[in-house]
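Residue-level structural notes
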Amino acid sequence: MPLIDPFNRTIDYLRVSITDRCNFRCVYCMPEEGFPVSPKEELLSVNELIRLVRIGVESGITKVRLTGGEPLVRKDLVEIVRGVAALPEIRDLSLTTNGYILDELAAPLAKAGLTRINISLDTLKPERFKALARRGDLARVLSGIKAAQDAGLHPIKINCVAMKGMNDDEAADFAAWTIQEEIHFRFIEVMPIRWNLDETIGFDPLSAHQGTGLLQLKQSSNGSMLSDLEMRRMFISAEELKQKIEAVHGPMETAEIRTNGPARTYRIPGAKGTVGFISQISSDLCANCNRLRLTADGFLRPCLMSDGEIDLRTTLRNGGSDQDLADLFKHVVEHKPERHYLADGQKVVGRGMSQIGG
Ligand code: SAM
Ligand code: SF4
């Protein structure tokens, strides 16, 4: 039986955050000093993760993406991939990573059953990389991308958070990369998601969940990351980016690629790869949303951008049956909000991207 939400959307995609830890500190995602992380014992073990994914899959999920935090920092990642890949109903098992230790891990991951990979990269300039990611280095990420290509992880998608005044001047350089290599480059809009707030909440994000039985998280103090307002000011439209690319490379043609989700995709004529735009704030991608998110500490969320989630870990650790857990999956699907309200000023304050699993 498929999982169908109240807005008649089939929910068949689960994003699983396997850790809230990360070796980078991207300015739009985390404060420089990092977030306080969950105690190890609160994170799901390999067996717990695989059991929950299995129950999700038996309930109707067919596509799984592992994310974080940075999934590659989890020592038992290959074991997790092997366990999830072995579930018979899984049609697609992918992973999102910052690519920093991918040169070591690409081959073992492919061997364990990973089918494809998304690598996040916001600049091709080494100094800018240091300013944006605040850890790691560009050369190592590029060698990780090469290792993923060599390991046959296909298609390779590169996700770039597009920010006016920070990296929009590189749009044509990114697109040039797709000419010679089969890279699917996607610009994503910066999302004003902060873990907590020091600003007045102009919109009540909790109201969408009132009375649904979904747990709300508490807020806490701030750190040095871009503010909600700064992120809103850095917005740059897909149209503007496309114009910057076409000013250098000429008009792009529309392209279709399998598994490109909500991206609008184009190709420089004759290029091996494509250029895509994911406008999760300015376009109504919610109408076709098919996702649930499982956090590393075992909470299931129906929406990335609305602060509501339900605790599966307690049921899991208190001897709950597969049926009890499947019922919780159904409950969350039944309470999936129709859409997010970020464009109307909604603020997401419960958890940051690295804690939810972006
Ligand atoms: N650490 C991995 C990575 O960076 O790919 C996986 C987790 S990260 C939270 C997943 C994705 O979320 C990355 O592509 C990252 O660029 C994106 N992301 C994080 N914060 C964001 C924000 N405020 N707006 C838009 N995208 C964001
Ligand atoms: Fe880490 Fe990914 Fe967040 Fe960057 S975007 S800080 S790599 S979790």
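Here's what I pulled together on the structure shown here.

Restricting attention to buried positions, one finds in helix α4 (residues 126-133) the residues F129, L132 and A133. Buried residues of α4, viewed axially, fall in a sector of 80 degrees; they line one side. On its buried side, α4 packs onto α5 (138-150). Phi for R134, located one or two positions after α4, is positive at around 60 degrees.

Turning our eyes to something else, we now look at the pairing of strand β8 (residues 183-189). Burial analysis of β8 places seven of its seven residues in the buried class, which makes it a mostly covered element. By the alternation rule, side chains of β8 split into I183, F185, F187 and E189 and H184, R186 and I188, which are all buried. Chirality of the crossover, the property in question, places the unit of strand β7 (residues 156-162), helix α6 (residues 171-180) and β8 among those that are right-handed. The sheet contact formed by β8 and strand β11 (residues 274-278) spans five bridges and is parallel. Within the sheet, the bridge partner assigned to I188 lies in β11 and is I278.

Turning our eyes to something else, we now look at the site of ligand 2. Every residue near ligand 2 is listed here: C22, F24, C26, C29, G69, N98 and S354. For the shell around ligand 2, a count of residues per class yields four nonpolar, three polar and no charged.

Here we take up the site of ligand 1. In the vicinity of ligand 1 there are 17 residues, among which Y28, G69, E70, S120 and M191 approach most closely. Within the side chain of E70, one N or O atom sits 3.0 Å away from a nitrogen atom of ligand 1. Across the complex, the protein chains shield 95% of the 550 Å² of accessible surface that ligand 1 would expose by itself. Residue classes in the shell around ligand 1 are distributed as seven nonpolar, eight polar and two charged.

Mapped onto the secondary structure, K244 falls in helix α8 (residues 238-249). Spatially, the C-alpha atom of K244 lies 8.0 Å from that of D169, the residues being 75 residues apart in sequence. Once residues within four sequence positions are removed from consideration, K244 is found in contact with D168, A171, A172 and I236.

A separate point is the packing of α6 against α8. Where α6 meets α8, the axes come as close as 8 Å, and the angle between the chain directions of the two elements is 60 degrees. Pair α6 / α8 crosses with right-handed handedness. Where α6 approaches α8, its residues A171, A172, A175, A176 and I179 are matched on the opposing element by L241, K244, I245, V248 and H249.

The next point concerns the pattern of salt bridges. Side-chain pairing between opposite charges can occur once the charged atoms of the two side chains come close. All told, the structure shown has 20 salt bridges when counted by the stated rule. Salt-bridge contacts for D322 lead to R51; the nearest nitrogen and oxygen are separated by 2.8 Å. One end of the pair, D322, is in helix α10 (residues 322-334); the other, R51, is in helix α1 (residues 46-59), and 271 residues separate them in sequence. A residue is classified by how much of its surface remains accessible, and D322, at 29% relative accessible area, is partly exposed. The salt bridge partner of K242 is E246, with a shortest N-O separation of 3.5 Å. Highlighted residues: K242 and E246, both in helix α8, separated by four residues, approximately one helical turn.

Definitions and cut-offs
Residues numbered from 1 in each chain as written. Chains lettered and ligands numbered in written order. Predicted model: local features only at pLDDT ≥ 70, side-chain atom pairs only at ≥ 80, totals over all residues. Heavy atoms only, no water. Buried < 20%, exposed > 50% of the residue type's maximum accessible area, 1.4 Å probe, protein only. Helix = DSSP H or I, 4+ residues; strand = E, 2+ residues; numbered from the N terminus. Arc of directions from axis to C-beta. Contact = heavy atoms within 4.5 Å. Right-handed = clockwise from strand over helix to strand, strands pointing away. Pairing = 2+ DSSP bridges. Near = heavy atom within 4 Å. Nonpolar A, V, L, I, M, F, W, Y, C, P; charged D, E, K, R; others polar. Polar contact = N/O pair within 3.5 Å; in protein donor to acceptor, adjacent residues only side chain to side chain. Areas by Shrake-Rupley, 256 points an atom, 1.4 Å probe, with all protein chains shown as cover. Axes fitted to C-alpha atoms, helices over the stretch in contact; angles between N-to-C directions. Left-handed = near helix turned anticlockwise from the far one by under 90°. Salt bridge = Lys/Arg side-chain N within 4 Å of Asp/Glu carboxyl O.

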